[in-house]
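# Overview (structure and organization)
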Amino acid sequence: MNRNPDSVIALIGFMGSGKTTIGRKLAERLGRDFIDLDSRIEESAGMSIPDFFKKFGEQEFRKIESATLKSEAGKENGNVLACGGGIVENPKNREILTGKCTTIWLDVPELELIQRLSKDFSGRPMLSGNLEERIKLLFERRFHLYASVASIRYSWREGETLQASVDALITLLGAEVDKLQ
Ligand code: S3P
């Protein structure tokens, strides 16, 4: 577990778990900067994630994703960083998330994710094909990986608002800091 107070706070979790929305609000409340890893990749590649997948494929995306995580986590500037849902599949990324970051897992039940993503799966190349089958397959593969790197697990419950989620995260972060002192 990382003990540096300036370590990056990395949000991980499945697509649709709210990493960007919650991360942005959390950063605001903590007075820190918010970085969305996917947006960083889009900026440096000069194209959208779906276009990148179409042009170069998933493997190339994973290389850039890994390099961007390494660079952002290495800054140790206390930023809040929203990671893509597939970040945990690479063992090197898992090492960075456990060694360099305070990593928060936004754990949202699979059924809720299916509902959320059915409404908005555009811009998510990993979900092309049968949506429900793709979610199930990736969820099964990734669930224990999220669990293995998270120093904080936030389990979202039905009806919890954005405000409630951010409040809960602030409490959990405070408890984590107390535990380390
Ligand atoms: C991916 C998730 C996406 C994005 C890319 C791959 C994945 O990010 O990084 O499309 O493999 O789960 P979000 O989790 O923000 O949708």
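Okay, so let's go over this structure. (Residues numbered from 1 in each chain as written. Predicted model: local features only at pLDDT ≥ 70, side-chain atom pairs only at ≥ 80, totals over all residues. Heavy atoms only, no water.)

Bringing helix α7 (residues 131-149) into the picture now. At 3.6 residues per turn, the α-helix brings residues three or four places apart onto the same side. Over its 19 residues, α7 extends 26 Å from the first C-alpha to the last, a length consistent with the 27 Å expected when each residue adds 1.5 Å. At R142, α7 is bent by approximately 35°, the largest bend along its length. For α7, the set of buried residues is L131, I135, L138, F139, R142, L145, Y146 and V149. Capping the start of α7, N130 holds a side-chain oxygen 3.1 Å from the backbone nitrogen of E132, two or three residues further along. (Helix = DSSP H or I, 4+ residues; strand = E, 2+ residues; numbered from the N terminus. Expected span 1.5 Å × (residues − 1). Bend = angle between axes of the 7 residues up to and from the residue. Buried < 20%, exposed > 50% of the residue type's maximum accessible area, 1.4 Å probe, protein only. Polar contact = N/O pair within 3.5 Å; in protein donor to acceptor, adjacent residues only side chain to side chain.)

Core analysis: the biggest nonpolar cluster contains 52 residues, and I12, F14, L97 and I104 have the highest contact counts within it. Sequence-distant contacts of L97, defined by excluding residues within four places in its chain, comprise A10, I12, L69, C83, I87, V88, T103 and V149. (Core = buried A, V, L, I, M, F, W, Y, C linked by side-chain atoms within 4.5 Å. Contact = heavy atoms within 4.5 Å.)

Turning our eyes to something else, we now look at the sheet that holds strand β3 (residues 80-82). With respect to topology, five strands assemble into an open sheet ordered β2-β3-β1-β4-β5, the strand pairing being parallel. The open sheet has two edge strands with one neighbour each: β2 (34-36) and β5 (152-155). On average, each strand axis in the sheet is inclined to that of its neighbour by 20°, with strand direction left out of account. Direction of pairing for β2 relative to β3: parallel, over a ladder of three bridges. For D36, the partnering residue across the bridge sits in β3 and is A82. Sheet strands in contact with helix α5 (residues 91-99) are β1 (8-12) and β4 (101-107), and its direction is about 110° off that of β4. (Pairing = 2+ DSSP bridges. Axes fitted to C-alpha atoms, helices over the stretch in contact; angles between N-to-C directions.)

In the neighbourhood of the ligand, 13 residues make up the surrounding shell, with K19, D38, R62, R124 and R142 lying closest. Separating an oxygen atom of the ligand from a backbone N or O atom of G86 is a distance of 3.2 Å. In this structure, an oxygen atom belonging to the ligand sits 2.8 Å away from a side-chain N or O atom of R124. Relative to its unbound accessible area of 390 Å², the ligand is 94% covered by the protein chains. Considering only residue class, the shell around the ligand consists of five nonpolar, three polar and five charged. (Near = heavy atom within 4 Å. Areas by Shrake-Rupley, 256 points an atom, 1.4 Å probe, with all protein chains shown as cover. Nonpolar A, V, L, I, M, F, W, Y, C, P; charged D, E, K, R; others polar.)

What follows concerns the pairing of β1. Counting buried positions over the five residues of β1 gives five, a clear majority of the element. On β1, burial covers both faces: V8, A10 and I12 on one face and I9 and L11 on the other are all buried. Alignment of β1 against β4, held across five bridges, turns out to be parallel. By the bridge assignment, V8 is partnered in β4 with C101. Bridging between β1 and β3 involves three bridges; their strand directions are parallel. Within the sheet, the bridge partner assigned to L11 lies in β3 and is A82.

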